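Coordinates in review
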Amino acid sequence: MAKINGNEIRPGNVLEHNGGLWVAVKVDHVKPGKGGAFAQVELRNLRNGSKDNVRFRSADKVERVRLEQKDQQFLYENDGMLVFMDQETFEQIELPAEILGERRPFLQDGMVVQIEYYESEALNATLPQKVTCKVVETEPVVKGQTAANSFKPAVLDNGVRVMVPPFVGPDEDIVVNTETFEYVERA
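It should be emphasised that the depicted structure is a prediction, and the values quoted were computed from it without experimental measurement. (Residues numbered from 1 in each chain as written. Predicted model: local features only at pLDDT ≥ 70, side-chain atom pairs only at ≥ 80, totals over all residues. Heavy atoms only, no water.)

1. Comments concerning the overall build of the chain
Condition: Each helix corresponds to a stretch of at least 4 residues labelled H or I by DSSP, and each strand to a stretch of at least 2 residues labelled E; elements are numbered beginning at the N terminus. Radius of gyration: over C-alpha atoms. The globule rule applied is 2.2 Å multiplied by the number of residues raised to the 0.38 power. Partly exposed describes any residue whose relative accessible area lies between the buried limit of under 20% and the exposed limit of over 50%, with all areas from a 1.4 Å probe on protein chains only and scaled to the type maximum. For this analysis, residues touch if any pair of their heavy atoms sits within 4.5 Å.
Broken down by element type, the chain carries zero helices and 16 strands. Its C-alpha atoms give the chain a radius of gyration of 21 Å, clearly above 16 Å, the size a compact globule of 187 residues would have. Relative to its full complement of 187 residues, the chain shows a buried share of 36%. Put simply, 42% of the contacts in the chain that link residues at least 6 apart link residues at least 24 apart.

2. Quick look at the UniProt feature "domain: Translation elongation factor P/YeiP central" (unreviewed entry) in the chain
As a reminder of what qualifies: UniProt positions are given in the numbering used here, feature names are shortened, and annotations may be inferred rather than shown by experiment.
Under the feature "domain: Translation elongation factor P/YeiP central" (unreviewed entry), the UniProt entry names residues 69–123. Between the C-alpha atoms that bound residues 69–123 there is a distance of 10 Å. The span itself is 0% helix and 56% strand.

3. Regarding the layout of surface pockets
Stated formally: Every definition here rests on a 1 Å grid over the protein atoms only: cavities are sets of points where a 1.4 Å probe fits but cannot get out, pockets are open sets enclosed by protein on both sides within 12 Å along at least five of seven lines, and lining residues have some atom within 4 Å of a point. Grid points are joined across faces, edges and corners, and a volume is the space filled by probe spheres set on the points. Residues are grouped as follows: Ala, Val, Leu, Ile, Met, Phe, Trp, Tyr, Cys and Pro are nonpolar; Asp, Glu, Lys and Arg are charged; every other residue, Gly included, is polar. Domains are outlined according to an automatic or database domain assignment.
Of the voids in this model, the largest pocket is the one considered here, and its volume is about 390 Å³. Lining the largest pocket are 17 residues, with Gly12, Asn13, Val14, Val23 and Asn124 sitting closest to its centre. With three residues, strand β3 (residues 20–30) is the largest single contributor of residues to the lining of the largest pocket. Residues belonging to the lining of the largest pocket are distributed by class as follows: eight nonpolar, four polar and five charged. Both of domain 1 (2–65) and domain 2 (68–126) provide at least three residues apiece to the lining of the largest pocket. In this model, the second largest pocket occupies a volume close to 300 Å³. As for the second largest pocket, its lining consists of 14 residues, of which Arg44, Leu46, Glu98, Ile99 and Leu123 are closest to the centre. For the lining of the second largest pocket, the leading source of residues is strand β11 (residues 121–126), giving four residues.

This is the structure:
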């Protein structure tokens with residue numbers, strides 16, 4: 001593992017701190033008028049989800065951890081556990097559904113998900129950035145409403161509500177960004 005200075009921490013870095021694995025969520029570099037500069041880092045524990053705010057001076061050394069990333073296929077859900085299969089070795093693993101958080105509805109059967117491992121422990125799962133969903137219900141188009149960027153609410157087949165352009169109707173397939181929950185394009 002590589003040691004990095006406190007001022008080299010970037011959002012998304014995985015650090016070993018106080019005996020746990022933490023991901024840097026937000027990093028603010030502060031240069032007070034008196035004293036040395038430091039990085040105010042908001043950390044989230046990868047094992048239990050707890051958060052912590054820590055100050056790292058530029059002289060502080062911290063362990064940066066590299067996670068191994070594997071593409072695995074989602075098979076099914078069983079009692080709140082998601083079952084994934086390694087596409088090379090065909091081994092199956094179970095992860096709690098909470099690992100995806102609010103993006104859980106976008107997980108579809110057979111979808112390939114990137115799972116991050118530390119040694120042999122699965123810590124994080126990342127969905128593809130864009131997913132195709134079907135619009136179940138949306139308001140009809142109002143004639144003459146041509147104001148710039150007028151969007152209307154729509155409900156997708158997975159129950160998620162998104163804003164779509166006026167030309168999108170029910171039973172149409174659209175592409176949705178899984179990070180921002182926004183309409184991208186027609187499928």
